[in-house]
Amino acid sequence: MNPAPTSDPAAGPVQARVVVDELVRLGVTDAVLCPGSRNAPLAFALHAADAAGRLRLHVRIDERTGGFLALGLALGSGRPVPVVTTSGTAVANLHPAVLEASHAGVPVLALTADRPPELIGTGASQTIEQQGIFGGAVRRAGTLAVARLAPGEPGRWRAAVDRIVAAATGALGEPPGPVHLNIPFAEPLVPDPAAEVPPGRPDGAPWTVVPPARRTAPPLPLDPSAPTLVIAGGGAGVDPALLGGAPIVAEPSSPLWPHALRSGPWLLGAPGGPPRPRQVLVVGRPTLHRSVARLLAASDLQVYVAADPQGTPWTDVAGTVRAVGDVPSLAPPRAWVQRWREADEVASAALDRALPEGPRGLSLARELVGALPDGSRLVLGSSNPVRDVALAAVPRTGLSVLSNRGVAGIDGTVSTAVGAALTHPGPTVALLGDLTLLHDTTGLLIGPDEPRPGLSIVVLNDSGGGIFGLLEQGAPAHSASFERVFGTPHRADLAAVATGLGAAHVLVTAPSELVEAVLPAGPGLRIVEVRADRATLRAGHAALADEVATALAALPART
């Protein structure tokens, strides 16, 4: 017969300390906390762990910012990172970050405090139905019982934490991603100094050791000697030695980007470009270029996908993929590969001639990527910045490139960049648009007692949504409605925004000023503003495409 549970009022705070202790044992080194009342037990436990040097705590007043900060910390470190909130709408504010983490495979742990279940539906303040709030966006969701100090209960708490972290890291067989652990707390919510915390396993081990999942796939049934083009997006990489020198069109967040053709996206869309491939190998998740999407939809190509060792679902928007598997050693025809490389050289030279007079975002991307020292980390905002780097920068080694391409929204990018900077020992630079910065200005709000990043945020300020000018709605036929509902101009003073939130501000008016502004002598948080004119963006891109096409037309024909 099991003994009756004790009625010790310290049960909730003890449970919180056990949960935090188990997280540390599982390798958690950073945690994000958003203030509240119902999550007070976890707040006290995290503060104590931070004071003891067991983890690094980051406190943020905005849960949406906190969620993306946790995502940036996890993206930058590769470790699971919890974000802790109180109950009610605080939980709902994590949803955008949870969605991004889900589609990008980032191990974010949503730890949400809750009211006891008997208060759900009674009209109690800050009380909603939190179980299942994230739906299918999380790899696993669970709710602990209201804490009681009965024999065996602390072990169950630890086991639940181990299971949730194993799901987040992919150890249970699914791809890595976010998880949700809901923890109801009854009052009192403050710890009893005399309460004892039940110990965990000896020597700091987790309660349950879960080995990582191992995934293998058969080799792809492709022709290794056929003319093969590699399309690489964010996510998993492939050993370049296996590709046999095959031409690569890669997005900047792909591990294959340093080995890619510089002008790849331009070549795919250019008349008179290099010869078409017979087969295409997709690595990771390409999402940036319409020329890539059109290629993958072509009915006369054989499309294959490299299997992700973490089990992430493969990309197949057009429904053309023939097989998913491991990549065998490729040996495409040397003459065919050489034609692609010659075309790349000619197109790159044309870009370099034309970029100084072209759209400022493209020339800024080229200048910035080329100027960063080895060991730097670059965070790219969605919308135009990541595309500008893909279209204009010279691919290079020595640079870690991150971007929120899971759902590819602009929300939370400042906070993601702060998290990425806090986990990187070298310089970290973010390249964002002005709307992306304004969408997450609370990401700049860092309290005086919080760890501060060394981060330069380069903002291309064209006073609105420049990317829409490149899409169908930016055509002259829609000029009457474009500016108000797509261009969305603003009059924000970025210098005042930065100063008001505790960041430095530098306005760069000439390319020669960029390096000193981005890489100052000391660490800190700074906004580097570069201004541009959206009115010429569409025409500028079209002119560059014409320059590339003209250069390619001059290539001698070969049979």
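Above this note sits the structure.
Given the structure is predicted, the values throughout are model-derived calculations rather than measurements.

### Observations concerning the overall build of the chain
Helices and strands together make up the secondary structure of the chain, namely 17 helices and 17 strands. Relative to the compact-globule value of 24 Å for 559 residues, the chain shows a C-alpha radius of gyration of 26 Å, a close match. Out of the 559 residues in the chain, the part that is buried amounts to 52%. Of the contacts formed within the chain by residues at least 6 apart in sequence, a portion of 77% connects residues at least 24 apart. Entry remark: accessible area of the chain is about 23,400 Å², with carbon and sulfur atoms responsible for 55%. Taking the 43 positively charged and 48 negatively charged side chains of the chain as two groups, their mean positions are separated by 4 Å.

### Quick word on unusual backbone geometry
Here the residue pair Glu-187 and Pro-188 is connected by a cis peptide bond, since its omega of 5° sits within 30 degrees of zero. Tracing the sequence through the fold places Pro-188 in the loop between β6 (179-184) and β7 (228-232). Positive phi outside glycine occurs at Gln-126, with the angle close to 50°. Mapping Gln-126 onto the fold places it in the loop between β4 (108-114) and β5 (141-143). Positive phi, normally seen in glycine, also occurs at Asp-203, with a value near 60°.

### A few points about helix α1 (residues 11-25)
Taking 1.5 Å as the rise per residue, α1 with 15 residues should run 21 Å; its terminal C-alpha atoms sit 21 Å apart, in good agreement. Taken across its 15 residues, α1 has 14 buried, putting it largely inside the fold. Gly-27 occupies a position one or two residues after α1 and carries a positive phi of about 100°.

### Comments concerning the sheet that holds β5
Across the sheet, which stays open at both edges, the six strands sit in the order β2-β1-β3-β4-β6-β5 with parallel pairing between neighbours. Edge positions in the open sheet fall to β2 (56-59) and β5, since each of these has one partner strand only. Geometrically, the sheet is characterised by an average inter-axis angle of 20° between neighbouring strands, direction not taken into account. Relative to β6, β4 runs parallel, the two being bridged by six bridges. The residue of β6 that forms the bridge with Leu-111 is Leu-181.

### As for the packing of aromatic side chains
One pass over the full model with this rule turns up three aromatic pairs. For the ring pair Trp-336 and Trp-340, a centre distance of 5.9 Å and an interplane angle of 50° mean the geometry is tilted. One end of the pair, Trp-336, and the other, Trp-340, are both in helix α9 (residues 334-354), four residues apart, so they sit about a helical turn from each other. Each member of the pair Trp-336 and Trp-340 is classed as buried. Geometrically, the ring pair formed by Phe-468 and Phe-486 is tilted, given 6.0 Å between the ring centres and 50° between the ring planes. Of the two residues, Phe-468 sits in the loop between β15 (455-461) and α14 (479-487) while Phe-486 sits in helix α14, which places them 18 residues apart along the sequence. Judged by its relative accessible area of 30%, Phe-468 is partly exposed.

### Remarks on the sheet that holds strand β10 (residues 302-306)
Taken in spatial order, the five strands line up as β8-β7-β9-β10-β11 in an open sheet, and their pairing is parallel. Either end of the sheet is taken by a strand with one partner, and the two such strands are β8 (248-250) and β11 (321-325). Sheet twist, expressed as the mean angle between neighbouring strand axes with direction ignored, is 20°. The sheet contact formed by β10 and β11 spans four bridges and is parallel. Across the sheet, residue Tyr-304 finds its bridge partner in β11, namely Ala-323.

### Considering the pattern of salt bridges
When the charged atoms of two side chains with opposite charge come close together, those side chains can pair. This structure, assessed with the given rule, holds 18 salt bridges. Residues Asp-352 and Arg-262 are paired through a salt bridge, measuring 3.0 Å at the closest nitrogen-oxygen approach. Here the residue Asp-352 occupies a position in helix α9, and Arg-262 occupies one in the loop between β8 and α7 (264-269), the gap between them amounting to 90 residues. Owing to a relative accessible area of 32%, Asp-352 belongs among the partly exposed residues under this scheme. Of the charged contacts in the structure, one is a salt bridge between Arg-339 and Glu-342, with a shortest N-O distance of 3.6 Å. Separated by three residues within a single helix, Arg-339 and Glu-342 lie in helix α9, roughly one turn from each other. We classify Glu-342 as buried; its relative accessible area is 16%. Through salt bridges that share partners, Asp-21, Glu-22, Arg-25, Arg-54 and Arg-158 make up one connected network.

### Remarks on the side chain of Arg-534
Summarising the element assignment, Arg-534 is placed in the loop between β17 (525-531) and α17 (537-553). Look past the residues within four positions of Arg-534 in its chain and what remains in contact with it is Asp-462, Ser-463, Gly-464, Gly-465, Gly-466, Phe-482, Glu-483, Gly-487 and Pro-489.

### Details of the nonpolar core
Core analysis: the biggest nonpolar cluster contains 43 residues, and Leu-243, Leu-281, Leu-368 and Val-458 have the highest contact counts within it. Element by element, the count of residues in this core is highest for helix α10 (residues 360-371), at four residues. In this structure, Leu-368 is in contact with Leu-378, Val-429, Leu-431, Val-458, Leu-514 and Val-518, ignoring residues within four places of it in sequence. Core analysis: the next-biggest nonpolar cluster, separate from the first, contains 39 residues, Ala-70, Ala-137, Leu-455 and Ile-457 among them.

Parameters and conventions
- Residues numbered from 1 in each chain as written.
- Predicted model: local features only at pLDDT ≥ 70, side-chain atom pairs only at ≥ 80, totals over all residues.
- Heavy atoms only, no water.
- Helix = DSSP H or I, 4+ residues; strand = E, 2+ residues; numbered from the N terminus.
- Rg over C-alpha atoms; globule rule 2.2 N^0.38 Å.
- Buried < 20%, exposed > 50% of the residue type's maximum accessible area, 1.4 Å probe, protein only.
- Contact = heavy atoms within 4.5 Å.
- Areas by Shrake-Rupley, 256 points an atom, 1.4 Å probe, with all protein chains shown as cover.
- Lys, Arg positive; Asp, Glu negative; His and termini not counted.
- Charge placed at Lys NZ, Arg CZ, Asp CG, Glu CD.
- Expected span 1.5 Å × (residues − 1).
- Pairing = 2+ DSSP bridges.
- Axes fitted to C-alpha atoms, helices over the stretch in contact; angles between N-to-C directions.
- Phe/Tyr/Trp six-rings, centres within 6.5 Å; stacked < 30°, edge-to-face > 60°.
- Salt bridge = Lys/Arg side-chain N within 4 Å of Asp/Glu carboxyl O.
- Core = buried A, V, L, I, M, F, W, Y, C linked by side-chain atoms within 4.5 Å.

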